[in-house]
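In case you want the letters, here they are:
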Amino acid sequence: MTDSPQPSDWRSESASLLATRYGLESWPDAEVVSSPTIDLQLRHRSVRKFTAEPVTDAELTSIVAAAQSASQSSNLQIWSIVAVRDAERKRRISEAIGGRSYVEDAAVFLIWVADFHRAAKLVETQDIEATTVGYMESTLVAFADSGITAQNALLAAESLGLGGVFVGSIRNNPAEVVAELGLPEFTFPVFGLAIGHPDPTEQAGTKPRLPQAAVLHHEQYDAEAWEQPVSDYENHLAEYYAEFDKPNYSWARTIVRRLGSAAGLHGRDRMRDRLREQGYDSE
Ligand SMILES: Cc1cc2nc3c(=O)[nH]c(=O)nc-3n(C[C@H](O)[C@H](O)[C@H](O)COP(=O)(O)O)c2cc1C
């Protein structure tokens, strides 16, 4: 325990949160270390149904400050957010990516932008061309920093009682999103984050994650470690979905669909071309 005091039964509550995170009845380990921050993280679920209550400017300011507080590669700060509240713009973006009610119903739709525009302009003031923007490393860094900062934002929103869902499907149709947001050269829409007040009628809970035996390797990567935990997870996730009236769900089937054919990428198989159009040659 490192942050503010917890109620006296925090240990059992944290153990229960850990168990739920892995789809277990109870947490087998007697030793539980937690904090209010970790408990909040363990409680995370994506929210796709929102009430009409707005997100205030003060809330947005704090959420963005939390995002900016994340570590930054070389302190370059090569990302930006476009906050969309306008109902018509949200509707058009939703339409461009195949129709997403959570984009339209969110109080605010935040689009993370990999952004070398600002830095490149700064370099140009010195009569130097920003040649490394076209390198693959620049693409990777801008995308990595976008992810790191955006998760800070979602956690901040959740700490305020708000909820949200990331929207990677804006990359189904980056060209239309670029046009809608007026994104200049050296910028690229990475993902959206729909934020609002959770509608309590939404049928969703804490979605179990892979057992740690699948994701945590000690000292060296164990290439054989995946099989048993993945098989256990198949059952945990099927039980989770059955609870919400989705019988016969298979995680394996989802992974196969996504990795086994370009069709599973919903138009995102041409990403290098889309990046090039925005000045990210990614060579
Ligand atoms: C980068 C990123 C993009 C995502 N894109 C979408 C999306 O387009 N639509 C959607 O419904 N959920 C999207 N999600 C949410 C995931 O589906 C969700 O986090 C995952 O199923 C785990 O569920 P949970 O967040 O409720 O625990 C995205 C998540 C991430 C991290």
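Residues numbered from 1 in each chain as written. Predicted model: local features only at pLDDT ≥ 70, side-chain atom pairs only at ≥ 80, totals over all residues. Heavy atoms only, no water.

Per an unreviewed UniProt entry, the protein goes by the name NADPH-dependent oxidoreductase and belongs to Gulosibacter macacae. Looking at the Sequence similarities (unreviewed entry) heading of the UniProt record, one finds this comment for the protein: "Belongs to the flavin oxidoreductase frp family." (UniProt positions renumbered as here; feature names shortened; annotations may be inferred.)

(A) Looking closely at the overall build of the protein. Scanning the protein from N- to C-terminus turns up 12 helices and 4 strands. Taken against the 2.2 N^0.38 rule, which gives 19 Å for 283 residues, the C-alpha radius of gyration of the protein at 21 Å falls within 12% of a compact globule. Summarising its shape, the C-alpha atoms of the protein cover approximately 60 × 45 × 40 Å along the three principal directions. Relative to its full complement of 283 residues, the protein shows a buried share of 41%. For the protein, restricting intrachain contacts to residue pairs at least 6 apart in sequence, the fraction spanning at least 24 positions comes to 77%. (Helix = DSSP H or I, 4+ residues; strand = E, 2+ residues; numbered from the N terminus. Rg over C-alpha atoms; globule rule 2.2 N^0.38 Å. Buried < 20%, exposed > 50% of the residue type's maximum accessible area, 1.4 Å probe, protein only. Contact = heavy atoms within 4.5 Å.)

(B) Spatial organisation of the packing of aromatic side chains. The tally for this structure, following the rule as stated, stands at 10 aromatic pairs. On the basis of an interplanar angle of 65 degrees and a centroid distance of 6.1 Å, the ring pair of Phe116 and Tyr280 is categorised as edge-to-face. With Phe116 in the loop between β2 (108–115) and α6 (117–124) and Tyr280 in the segment after α12 (271–277), the pair connects residues that are 164 residues apart, well separated along the chain. For the pair shown, Phe116 and Tyr280 are each scored as buried. By way of ring pairs, the aromatic residues Trp79, Trp112, Phe166 and Phe191 are connected into one cluster. (Phe/Tyr/Trp six-rings, centres within 6.5 Å; stacked < 30°, edge-to-face > 60°.)

(C) Representation of the site of the ligand in the model. With respect to spatial proximity, the complete set of residues near the ligand consists of His44, Arg45, Ser46, Arg48, Tyr102, Val165, Phe166, Val167, Gly168, Ser169, Lys207 and Arg209. Take Ser46: an N or O atom from its side chain is 2.6 Å from an oxygen atom of the ligand. Tyr102 is positioned with one of its side-chain polar atoms (N or O) 2.9 Å from a nitrogen atom of the ligand. A total of 610 Å² of accessible area belongs to the ligand in isolation, and the protein chains cover 66% of it. No other element matches strand β3 (residues 163–167), which puts 3 residues into the shell around the ligand. Among the residues making up the shell around the ligand, the classes are represented as 4 nonpolar, 4 polar and 4 charged. (Near = heavy atom within 4 Å. Polar contact = N/O pair within 3.5 Å; in protein donor to acceptor, adjacent residues only side chain to side chain. Areas by Shrake-Rupley, 256 points an atom, 1.4 Å probe, with all protein chains shown as cover. Nonpolar A, V, L, I, M, F, W, Y, C, P; charged D, E, K, R; others polar.)

(D) Here's a closer look at the nonpolar core. Within the largest apolar cluster, 33 residues are counted, with the highest numbers of intra-cluster contacts made by Ile63, Leu110, Trp112, Phe116, Leu193, Ile195 and Tyr280. Breaking this core down by element, the ones donating at least two residues are α3 (57–68), β2, α7 (136–159), β4 (187–196) and α12. Broken down by element, this core gets its largest block of residues, 7 residues, from α7. Not counting residues up to four positions away in its chain, the partners in contact with Ile195 are Phe50, Val55, Ile63, Ala106, Ala107, Val108, Leu110, Ala157, Leu162, Gly163 and Gly164. Counting residues in hydrophobic clusters, the runner-up holds 19 residues, among them Phe109, Val167, Val178 and Ala194. (Core = buried A, V, L, I, M, F, W, Y, C linked by side-chain atoms within 4.5 Å.)

(E) Structural detail: the pairing of β3. Within β3, 4 of the 5 residues are buried, which leaves the element mostly enclosed by the surrounding structure. In terms of strand pairing, β3 meets β4 through 5 bridges, oriented antiparallel. Paired with Val167 across the two strands is Gly192, which belongs to β4. (Pairing = 2+ DSSP bridges.)

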